[in-house]
Amino acid sequence: MAEQQQNPKPTLVLLHGWGLNQGVWSDIKQQLAADFRILTPDLPGFGQNQQFPADYELSAVVRQLAAQIPEQSYVFGWSLGGLIAIALAAAFPQQVRQLALIAATPKFLATPDWPGMRAEVMQQFSTALTVNLPQTIQRFLAIQAMGSEHARQDILKLRESIAAYPPPQAQAVALALTLLAQTDLRQTFAELTLPIVGCYGRLDSLVPVSVVQMLQALQPQARFTVLPKASHAPFISHPAEFCSWLRSVVQ
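Residues numbered from 1 in each chain as written. Predicted model: local features only at pLDDT ≥ 70, side-chain atom pairs only at ≥ 80, totals over all residues. Heavy atoms only, no water.

*Asks:* Honestly, the pattern of salt bridges in this entry has me stumped. Any pointers?
*Replies:* Any two side chains of opposite charge can pair, on the condition that their charged atoms come close. Counting across every chain of the model gives four salt bridges. Between Arg186 and Asp113 there is a salt bridge, and its shortest N-O distance comes to 3.2 Å. Taken together, the positions of Arg186 in helix α9 (residues 186–191) and Asp113 in the loop between β4 (96–102) and α5 (119–129) put the pair 73 residues apart, joining distant regions of the chain. With relative accessibility at 18%, the residue Arg186 sits in the buried group. In the salt-bridge network here, residues are joined through shared partners; they are Asp113, Asp184 and Arg186. (Salt bridge = Lys/Arg side-chain N within 4 Å of Asp/Glu carboxyl O. Helix = DSSP H or I, 4+ residues; strand = E, 2+ residues; numbered from the N terminus. Buried < 20%, exposed > 50% of the residue type's maximum accessible area, 1.4 Å probe, protein only.)

The following block contains the structure:
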């Protein structure tokens, strides 16, 4: 808390998604720097954070990240980063003043009672990882931009931004995908009592926009926004709209 008082700007923590690194936030950091103290920690095993728990167990991942996050931070998690942010808010409530999900859900794998990524897509990624990790990451970038009006530019921007940091540890990428496929935090999410907001893309091919009404049912007080022309990475495809949304929801 003392650290927050010494710095008048709110602390904004941005957590990236699977296979990538803090480079995805490069443009957003520049646009928000005047208003926030911004931290963009790499998830364990990604970017500059080359150390990761041997089994990539969720609680261990959260503990490692919590050590880097000041108390009363505004934590915004994108995709896998959002799933981890939910667990972080539950395990370390003093660290998280507000939780924001960006194209994220407490359960990513689709089941009859929950929209999400199809099991066969998850399996394809898992298999491809053992054959060609860089190519698999590039394919993932392309899928994230699907539906965007300027997908080609979005992919190029993502590729350039993450290339400025070390490549991920292959084992961490594989284990994180397993974590993404097997984790179900719906009950944990429903029990959170802190302010919650979310930003989703109507054209998202990985996290169906239909999940928003189900998230609202789990957290009636939460505030969710859908950007009509965005897909899975709204802060890349629609940075101005995203930053406007972010400033409007921080409370």
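Further notes follow.
*Asks:* Please clarify how the packing of aromatic side chains should be interpreted in this entry.
*Replies:* Each aromatic ring pair is characterised by the separation of its centres together with the angle its planes make. Counted under the stated rule, the structure contains eight aromatic pairs. Taking 5.5 Å as the distance between ring centres and 45 degrees as the angle between the ring planes, the aromatic pair formed by Phe242 and Trp245 counts as tilted. Here Phe242 and its partner Trp245 are both found in helix α12 (residues 239–249), three residues apart, which amounts to about one turn of the helix. On the basis of relative accessible area, Trp245 is assigned to the buried category, the value being 5%. Among the aromatic side chains, those forming a connected cluster through ring pairs are Trp25, Phe76, Trp78, Phe235, Phe242 and Trp245. (Phe/Tyr/Trp six-rings, centres within 6.5 Å; stacked < 30°, edge-to-face > 60°.)

*Asks:* Looking at this model, I keep getting lost on the nonpolar core. Mind explaining?
*Replies:* Nonpolar side chains in soluble globular proteins tend to be buried together. One finds Trp18, Phe76 and Phe235 to be the most contacted residues of the largest nonpolar core, which totals 86 residues. It is helix α4 (residues 80–91) that contributes the most residues to this core, eight residues altogether. Setting aside residues no more than four positions away along its own chain, Phe235 makes contact with Val24, Trp25, Ile28, Trp78, Ile102 and Phe242. (Core = buried A, V, L, I, M, F, W, Y, C linked by side-chain atoms within 4.5 Å. Contact = heavy atoms within 4.5 Å.)

*Asks:* Please clarify how the environment of Val211 should be interpreted in this entry.
*Replies:* Position of Val211 relative to the elements: it lies in helix α10 (residues 211–218). Residue classification places Val211 among the buried positions, given a relative accessible area of 1%. Distance in space between the C-alpha atoms of Val211 and Val250 is 22 Å, their sequence separation being 39 residues. Non-local contacts of Val211, meaning those with residues more than four positions away in its chain, are made with Thr105, Trp114, Pro115 and Tyr200.

*Asks:* Mind showing me how you'd approach the pairing of strand β3 (residues 73–78) here?
*Replies:* Both faces of the sheet carry side chains from a regular strand, because those side chains alternate between them. Where burial is concerned, most of β3 is hidden: six out of the six residues are buried. Neither face of β3 is open: one carries Ser73, Val75 and Gly77, the other Tyr74, Phe76 and Trp78, and all of them are buried. When strand β1 (residues 11–15) meets β3, the two strands line up parallel, connected through four bridges. Opposite Leu14, over in β3, you have Phe76 as the bridge partner. As paired strands, β3 and β4 are joined by six bridges and run parallel to one another. (Pairing = 2+ DSSP bridges.)

*Asks:* Please clarify how the side chain of Gln219 should be interpreted in this entry.
*Replies:* By the element assignment, Gln219 lies in the loop between α10 and β6 (223–227). When near neighbours in sequence (up to four residues on either side) are disregarded, Gln219 contacts Phe189, Ala190, Glu191, Leu192, Ile196 and Phe224.

*Asks:* Would you take a moment to explain helix α8 (residues 170–182) for this structure?
*Replies:* The periodicity of an α-helix, 3.6 residues per turn, causes residues three or four positions apart to be oriented the same way. For α8, which comprises 13 residues, the first-to-last C-alpha distance of 19 Å matches the rise-based estimate of 18 Å (1.5 Å per residue) to within 8%. Listed in full, the buried residues belonging to α8 are Ala172, Val173, Ala176, Leu177, Leu179 and Leu180. Taken around the axis of α8, the buried residues stretch over an arc of 160 degrees, which confines them to a single face. (Expected span 1.5 Å × (residues − 1). Arc of directions from axis to C-beta.)

By themselves, these observations are geometric and do not establish any function.
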